[in-house]
Structures are given as structure tokens and as C-alpha cells.
Amino acid sequence: MAKTDTPAAIGILAYEGCSAWLTAGLIEQFAIANVAAAHARGSRTMKLPPFRCEIIGASSGLIRGSHNVRFEPAPLRRRYDAVVVPPLWVTSPREVSERLIELEHLKPLLVKLARRANIMSSACSGAALLANAGLLARHRVTTCWWLAPWFATRFPDVTLVADRLVMTDRDRWTAAAGSAYIHLGLAIVRRLAGAQIANLTARLMLVEQRRGSQSPFLTPAELPQDADDPLIRRATAHLRSHATERFSIVTLSRALNVSERTLSRRFQSALGMTPLTYLQTQRVARAKQLLERGETPLDQIVVACGYEDVSSFRKLFSRHVGMTPREYRSRFAEKSTTSAQQLTSDRMGV
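Residues numbered from 1 in each chain as written. Predicted model: local features only at pLDDT ≥ 70, side-chain atom pairs only at ≥ 80, totals over all residues. Heavy atoms only, no water.

Asks: So what's going on with the pairing of strand β9 (residues 166-169)? Which residues, and what values?
Replies: Bridge count between β9 and strand β10 (residues 172-175): four bridges; the pairing is antiparallel. Looking at β10, one finds that Met167 is bridged to Thr174. (Pairing = 2+ DSSP bridges. Helix = DSSP H or I, 4+ residues; strand = E, 2+ residues; numbered from the N terminus.)

Written out as C-alpha cells, the structure reads:
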């Protein structure tokens with residue numbers, strides 16, 4: 001925990017094309033944490049705020065982020081309590097690959113910052129910059145959901161835990177997509193200034209801190225479904241069309257006229273998961289759809305998703321989504337209800 005008379009040094013790395021939203025958002029989040037600290041301790045007795053948050057960069061000139069937003073970097077410090085690398089502003093894994101080539105010049109700076117920082121962290125696709133610089137090898141990390149299959153293939157020396165909202169592994173901290181950066185910031189505030197200030201910061205920002213996974217916010221269309229590999233495209237199509245049937249890797253490999261070993265290897269390479277895990281994501285996605293529609297009993301949803309045992313499915317759902325089916329329904333269900341007749345007439349394709 002940082003001393004009250006020594007502000008913790010936080011560096012937010014700006015670079016050409018970084019997300020202006022998250023870069024600026026991180027700056028303001030630590031400013032809000034300073035306000036929270038003033039409320040918690042009494043502004044008259046607090047000599048200095050707990051955080052000194054600055055934009056840093058590879059050069060001293062203005063840095064243009066996304067949407068032509070410009071950031072003015074401060075001189076580099078000898079030590080940082082935490083450095084955060086915001087995400088690239090991109091819309092596809094191919095763009096990420098292209099941007100990594102353009103940003104090769106950042107590697108030495110990233111390595112230098114990692115040596116100077118007690119916590120080296122990233123938000124969303126910023127993890128690709130850290131991994132590309134060799135800074136996430138043999139670490140458990142998370143990143144944005146849509147980048148997960150590409151990330152797992154591109155950086156095999158990194159252990160990807162794609163559903164986690166924030167992953168902390170020693171001095172490497174990573175956050176998932178979108179607003180997950182707020183939870184990363186809160187985790188840093190909690191580590192450096194204590195739970196009281198972190199909790200008050202969350203209250204001022206109207207942030208619910210119980211979230212631990214990005215899975216509840218993914219829709220079936222957003223889950224990995226296709227790949228460049230024609231075999232895997234056929235495999236995923238087969239799994240989606242037979243999602244309610246009992247799974248067998250033997251049956252699937254025979255249907256595709258390929259060996260089990262080859263299918264498993266190419267599936268893992270293309271999507272970063274096994275065929276069974278893929279099928280489970282499709283079934284859980286279907287269950288989420290049905291839970292959102294209304295008050296259909298869980299046992300009927302379980303059957304519609306290809307399972308028989310409610311208890312086993314409840315555990316599977318909780319493992320994938322980070323909350324029970326009841327919790328998910330209470331948070332995301334629509335006001336209108338869906339009848340059992342509508343449920344049984346629905347097709348499984350997700």
C-alpha cells in the first residue's frame with residue numbers, strides 16, 4: 001500500500017492509434033480515486049493525493065490516439081508503481097497483426113517500463129503489445145473476447161484465461177474487453193491505496209465490483225464460430241447443427257473423415273479450445289438466450305440445450321459464465337415471458 005505522503009506513480013502508455021476512450025478513462029479514474037481518498041480521509045488532513053497519474057510515450061511530442069484525440073506525454077520516471085497499456089483501436093485480429101508490425105518500435109520502451117514498474121498491466125487488446133514484446137511469457141492473462149482465438153495461436157507461450165475480467169499473475173495484470181479496464185484500475189487502487197478507497201472509487205463511478213467474468217456479456221454471434229481452416233469450419237458447423245446430441249470426438253472425427261488427433265490439434269490451433277469446449281460454449285450461449293427471454297423453467301432449458309441433469313448443467317453454466325442461471329436471469333432477463341411451447345419449438349442453431 002502506498003504511503004499517504006508519497007503519491008503512487010501511475011503511467012498510462014499512449015501510442016499512435018491507442019484507444020482514446022480507455023486512455024483518457026484511466027487518467028480520470030485515478031483522478032476519481034484521489035477524490036475518493038479526500039472524502040475517506042478528510043481533505044484538510046490529506047497533504048497529497050494517493051495517485052500521480054501521467055500519460056507517457058515513446059517521444060516527447062503530442063501522441064495521436066483514436067478519433068484524432070491527442071495526448072501530451074510527461075517525462076519518463078525512474079520507477080512506477082503501475083504502468084497500464086491501453087488497447088489498440090482495431091476491429092479484427094488481422095488489424096492487430098498489422099498494427100503490431102507498425103508498433104515494433106515500442107518493444108524497447110515496453111521492456112524498459114516493465115523493469116521500472118511494480119505492476120505492468122494492459123487493458124483489452126493492449127495485452128497483444130505486451131505479449132509481442134515477450135513480457136507475458138509463462139504468465140496467465142486475459143484479453144478481449146473476440147481476440148482470444150487469435151491470441152492463443154499467436155502467443156503459445158502465454159496461458160490465456162479468456163473469460164476472466166481481470167487476471168493478476170505476479171507483476172503482470174491484464175484486463176478483458178471494454179469497461180473491464182475500470183476493474184483493472186480498481187484492482188490497482190486497491191493494491192496501492194487500500195480497499196476503502198477502492199470501494200469508494202467504485203461507488204463514485206457507479207461500478208459493481210462483483211463482476212469476475214466477461215462471459216455474461218457475450219452473445220452467441222460473438223462467440224468464435226469460424227476459422228480460416230476449412231476443416232474447422234466444417235467441424236463447427238456440424239457441432240452447431242448437432243448441438244443437442246451427445247458429444248463424441250470419435251463420432252465427430254468420423255463425420256469429418258479425419259483422425260481424432262488431427263481434429264483436436266487443428267481445432268486447438270484455430271480456435272484455442274477443444275471441440276468439447278466449443279460445443280459447451282454454444283450450449284451455454286443458447287441457455288443464456290433462453291434465460292433472457294423470461295420465466296421458462298430451468299429443467300426445460302437444460303433439455304433444450306442438450307443436457308439431462310440440471311445440477312451438472314448448473315455447474316457448467318456457472319463455470320463458463322461466472323454466475324448461476326438464476327443470477328443470470330435476474331440480471332439480464334427481458335420483461336416479457338416465453339412459454340414452454342415457444343421454447344420447445346425453437347431451433348438449436350446458435
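Asks: Residues and numbers for helix α8 (residues 230-241), please.
Replies: The end-to-end C-alpha distance of α8, which contains twelve residues, comes to 17 Å, matching closely the 16 Å that a straight helix rising 1.5 Å per residue would cover. Those residues of α8 that sit buried are Leu231, Ile232, Ala235, Thr236, Leu239 and Arg240. Taken down its axis, α8 places every buried residue within 165° of arc, on the same side. As for α8, its buried residues are in contact with α9 (249-256), α10 (260-271) and α11 (275-293). The N-capping residue of α8, defined by a side-chain oxygen 2.9 Å from the backbone nitrogen of Leu231, is Asp229. (Expected span 1.5 Å × (residues − 1). Buried < 20%, exposed > 50% of the residue type's maximum accessible area, 1.4 Å probe, protein only. Arc of directions from axis to C-beta. Contact = heavy atoms within 4.5 Å. Polar contact = N/O pair within 3.5 Å; in protein donor to acceptor, adjacent residues only side chain to side chain.)

Asks: Would you mind going over the packing of aromatic side chains in detail, with residue names and values included?
Replies: Throughout the structure, instances matching the rule amount to eight aromatic pairs. A centroid spacing of 5.7 Å and a plane angle of 85° characterise the contact between Trp21 and Tyr181, whose relative ring orientation is edge-to-face. Residue Trp21 is located in helix α1 (residues 20-41), and its partner Tyr181 is located in helix α6 (residues 180-193); the two are separated by 160 residues in the primary sequence. You can call Tyr181 buried: its relative accessible area is 5%. Aromatic side chains Tyr307 and Phe313 sit 5.1 Å apart centroid to centroid with 50° between the ring planes, which places their arrangement in the tilted category. Overall, Phe313 belongs to the buried group, its relative accessible area being 1%. (Phe/Tyr/Trp six-rings, centres within 6.5 Å; stacked < 30°, edge-to-face > 60°.)

Asks: Got a sec to walk through α10? Specific residues and values, please.
Replies: Taking 1.5 Å of rise per residue, the twelve residues of α10 would be expected to cover 16 Å, and the 16 Å separating its terminal C-alpha atoms lies within 8% of that figure. When α10 is considered as a whole, its buried residues turn out to be Leu263, Phe267 and Leu271. Viewed end-on, α10 has its buried residues packed into an arc of 30°, placing them on one side of the element. Along α10, the residues that are exposed and aim more than 90 degrees away from the buried face are Arg261 and Arg265. On its buried face, α10 sits against α5 (148-154), α8, α9 and α11. Positioned one or two residues after α10, Gly272 has a phi angle of 75°, which is positive.

Asks: Please give an account of the sheet that holds β9 that cites residues and values.
Replies: Sheet strands pair via backbone hydrogen bonds, and the direction of the pair is either parallel or antiparallel. Taking strand neighbours across the sheet as the criterion, the six strands line up as β2-β1-β5-β6-β10-β9 in an open arrangement whose pairing is mixed. Each edge of the open sheet carries a strand with a single partner, namely β2 (51-56) and β9. Ignoring which end each strand starts from, the neighbouring axes of this sheet average 20° apart. Bridging between strand β6 (residues 117-123) and β10 involves four bridges; their strand directions are parallel. What sits directly across from Ala123, in β10, is Ala175. (Axes fitted to C-alpha atoms, helices over the stretch in contact; angles between N-to-C directions.)

Asks: A description of the nonpolar core should follow, citing residues and the corresponding values.
Replies: Of all hydrophobic cores here, the largest spans 76 residues; its most connected members are Tyr15, Phe51, Leu110, Met120, Phe151 and Ile188. Per-element tally for this core: the top contributor is α6, with ten residues. Not counting the four nearest positions on each side in its chain, Phe151 is found in contact with Ala127, Ala128, Ala131, Leu136, Val141, Thr143, Val158 and Leu160. Grouped together as the second largest cluster of nonpolar side chains are 15 residues, Val284, Tyr307, Phe317 and Met323 included. (Core = buried A, V, L, I, M, F, W, Y, C linked by side-chain atoms within 4.5 Å.)

Asks: How would you sum up the environment of Arg319? Please name residues and give values.
Replies: For Arg319, the position within the fold is in helix α13 (residues 310-321). Between the C-alpha atom of Arg319 and that of Asp163, which follows or precedes it by 156 residues, the distance is 9.6 Å. Excluding anything up to four places from it in sequence, Arg319 contacts Asp163 and Gln280.

No statement about biological role is implied by the geometric values presented.
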